[in-house]
Amino acid sequence: MSNLSQKSELTFKHNLKQGRHGWLRLTPAYSVKIVTDILERLGEPQRVLDPFSGTGTTGLVCAERGVNCDLVDINPFLVWLAKVKTDNYTLGELDAANQLAETAVKAARQHPVTENLWIPPLHNIERWWDSERLIALARLFRGLQISECTGKARNLTSVAFCRVAIDWSNAAFNHQSMSFKSPQLSLFSQKESDFIFNDFLVKMQQIISAAKNNIRGQVQVYEGNPRYLTQILSEKYDCVITSPPYVNRMSYIREVRPYMYWLGFLQSAREAGELDWQAIGGTWGIATSRLNTWNPGDTVIGDDSFDDMLQGIRNCSEPLANYVHKYFLDIKTHLLSLQEVLLPGANLFWIVGNSKFYDTLIPVEQIYVKILESIEFRDVNYTILRKRNSKKELHEFLISARAS
Ligand SMILES: C[S@@+](CC[C@H](N)C(=O)[O-])C[C@H]1O[C@@H](n2cnc3c(N)ncnc32)[C@H](O)[C@@H]1O
C-alpha cells in the first residue's frame, strides 16, 4: 500500500528546510529526494539536462554533488531564480548583500508612508495584499531600488524580498494550485510595517547563510522553449531528470506572477497570457480563447484509445479536448527535439501526474510510454511514486527510458 500514500517527502514541502532549495516555493517543484534517489541509483552522470527546470531543483541537487547540469525553462523569472540558487558567492558579495538589505530597511523606515511609491501593475493587487502591507512592501522595495549595488548582492536581496512579499500575502497554498485567504485584520496595525522589515532582515540572514555553501558542479540555465532544444543547447547529455508541466490546466505563471511584477519580468496581463500560451499546458488569459479555434494539423499521437479519450472529453468541452490534444502534441515535439541532444544510451527520467476531466481519466503515463516507444526510446517503464490528492485515481509516476 505504500505506493498509495501521498508521501509529502516526495513534494516541494520536503525542500522548504533544505538550504537554498527552500528560498522560494513553487508548488509544482519536485522534491530534492526524487533527484537524489535517481542520482544515487545511476552513479555519477557526466552531464544532466532538465528541460523544464522551474525553480532549479535538479540543477541544485546535481551541482551540490559536483555533477554538471544544464537547465532550460520558458519563464524568465524562473531562469533568473535557478541561476541565483546555483551561483557561488564570495564573502565580499555576501557582505554587500547584507549591507544593501540593512540600508534598504533604514531607508524604508524613514520614508513617508504614502509619498511617491511604485506599486506593481498586478491585476487585483488588493487580493494579494491589503493596503497597509502593500505600502510597507513598496517602501522596502524603494529602499532596495535607491541603492546602486548590482549583481549577485542585489539578486540575493531580491530573493529575500520575494520571500517576504509572499509570506505577508493573502495567498494560500493548501491546494494543488493557489487560492486567496480573506484579508486578516492585524492586531498590531501600527507596527505591521516594522514586522515586515524585520522579517526581511531575518530572511536575508537565512539566505546568506545558505549562500555560503560552495556549489561544486557547473550549472548553465537557459531561457527557451523545450520544443526547440537544438536552438538552445550545444552539448550532449547522458542523463535527463525532469518534470514537464502536467495536463491539468494549472498555470505556472499564476503562482509566480507577484514576483514577476515586482522584479520587472512582467509589465501587463497580456504579457502574462502570451507567456502562458507559449508554455506547454498553458490555458489562461489569451490562451483560453486561442484553444477554441486551435487546429491539431495531422500529427498522430497515439492509437484508438487516445482518440476515444479525447472524444470523451470533447463530449463535455471542445476547448478542453483541444487543450489535452495540444498538450500531447507539444510533448511529442519536445521529445523529438530532446532526442537530438542525447548521447546514445542516455538515461531519462520524467516525473508526471495523470489527470481527470469530467469522467475521463487521462492515463498520462501510458500515453508517454506510447509516444516514447513510437519514437524509438528503449526500456520504457513506469512506476507509481505517490498518490496526488484525495481522488483515488490521481497519482504521480516516474517514467524511465533510455536513448537508442
Ligand atoms: C512541473 S514544473 C517543473 C518544476 C521543477 N521540477 C522544480 O523542481 O521546480 C514545469 C516547468 O516547465 C516550465 N514550462 C512549461 N512549459 C514550458 C515550455 N513550453 N518551455 C519551457 N518550460 C516550460 C514551467 O515554467 C515550469 O517551470
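Overview of the structure. (Residues numbered from 1 in each chain as written. Predicted model: local features only at pLDDT ≥ 70, side-chain atom pairs only at ≥ 80, totals over all residues. Heavy atoms only, no water.)

## Notes on the sheet that holds strand S1 (residues 47-50)
Sheets are built from strands paired through backbone hydrogen bonds, the pairs being either parallel or antiparallel. Cut-off, in case you're wondering: Any two strands with at least two DSSP-identified bridges between them are counted as paired. For the purposes of this entry, the term helix denotes a DSSP run of H or I that reaches at least four residues, the term strand denotes a run of E that reaches at least two, and both are numbered from the N terminus. Helix axes are fitted only over the stretch in contact, all axes being lines through C-alpha atoms; the angle between N-to-C directions runs from 0 to 180 degrees. Should any heavy atoms of two residues lie within 4.5 Å, those residues are counted as being in contact.
Reading across the sheet, the 7 strands line up as S5-S2-S1-S6-S7-S11-S10 and stay open at both edges, with mixed pairing between neighbours. Looking at which strands have only one partner, the edges of the open sheet turn out to be strand S5 (219-223) and strand S10 (378-387). Recorded for the sheet is a direction-independent mean angle of 15 degrees between the axes of neighbouring strands. Both strand S6 (residues 237-242) and strand S7 (residues 342-353) contribute to a ladder of 5 bridges, which runs parallel. When the bridges of S7 are listed, Cys239 appears paired with Asn347. Relative to S7, helix H1 (residues 32-42) is tilted by about 150 degrees, and along the sheet it contacts S1, S6, S7, S10 and strand S11 (395-402). Across the sheet, helix H2 (residues 57-64) lies against S1, strand S2 (68-73), S5 and S6, angled at about 170 degrees from S2, the strand it touches most.

## Considering the packing of helix H12 (residues 304-314) against helix H13 (residues 318-339)
Going by this rule: Should an angle fall under 35 degrees it is taken as roughly parallel, and over 145 as roughly antiparallel, whereas 65 to 115 is taken as roughly perpendicular and any remaining angle as oblique. Throughout, the ten residues Ala, Val, Leu, Ile, Met, Phe, Trp, Tyr, Cys and Pro are labelled nonpolar, Asp, Glu, Lys and Arg are labelled charged, and all others, Gly among them, are labelled polar.
Interaxial distance between H12 and H13 falls to 7 Å at its minimum, and their mutual angle equals 150 degrees. Classed by the angle they form, the pair H12 and H13 counts as roughly antiparallel. When H12 is examined against H13, the residues Phe306, Met309, Leu310, Ile313 and Arg314 are found in contact with a partner set consisting of Glu318, Leu320, Ala321, Asn322, Val324, His325 and Phe328. Taken together, the residues that form the contact of H12 with H13 break down as 8 nonpolar, 2 polar and 2 charged.

## Here we look at the packing of helix H4 (residues 91-110) against helix H6 (residues 131-145)
Which entries qualify depends on this criterion: Handedness of a helix crossing follows the sense of rotation of the near helix relative to the far helix, less than a right angle counterclockwise being left-handed and clockwise being right-handed.
Packing of H4 against H6 leaves a shortest axis separation of 7 Å and a crossing angle of 130 degrees. Relative to H6, the element H4 lies oblique. Relative to H6, the crossing made by H4 is right-handed. Two secondary-structure elements touch here, H4 through Leu100, Ala104, Val105, Ala107, Ala108 and Arg109 and H6 through Arg139, Leu140, Arg142, Gly143 and Leu144. Each residue belonging to the contact of H4 with H6 can be placed in one class, and the counts come to 7 nonpolar, 1 polar and 3 charged.

## Quick word on the packing of aromatic side chains
Our working definition: Geometry of aromatic contacts follows a simple scheme: Phe, Tyr and Trp rings, the Trp one being its six-membered ring, pair when their centres are within 6.5 Å, and the pair is stacked under 30 degrees between planes, edge-to-face over 60, tilted otherwise. A 1.4 Å probe rolled over the protein chains alone gives each residue an accessible area, and that area as a share of the maximum for its type sets the label: buried under 20%, exposed over 50%, partly exposed in between.
Using the criterion set out here, one finds 16 aromatic pairs in the structure. Between the aromatic rings of Phe161 and Trp262, the centroid separation amounts to 5.1 Å while the plane-to-plane angle is 75 degrees, which identifies the pairing as edge-to-face. Taken together, the residues span a long stretch of sequence, with Phe161 in helix H7 (residues 151-167) and Trp262 in helix H9 (residues 252-262) at a distance of 101 residues. Of the two residues examined, Phe161 and Trp262, each falls in the buried class. Relative to Phe328, the ring of Phe306 lies with its centre 5.7 Å away and its plane at 85 degrees, an arrangement referred to as edge-to-face. Taken together, the positions of Phe306 in helix H12 and Phe328 in helix H13 put the pair 22 residues apart, joining distant regions of the chain. Of the residues examined, Phe306 reaches a relative accessible area of 5% and is grouped as buried. Cluster of aromatic residues (ring-pair linked, three or more members): Trp118, Trp128, Trp129, Phe141, Phe161 and Trp262.

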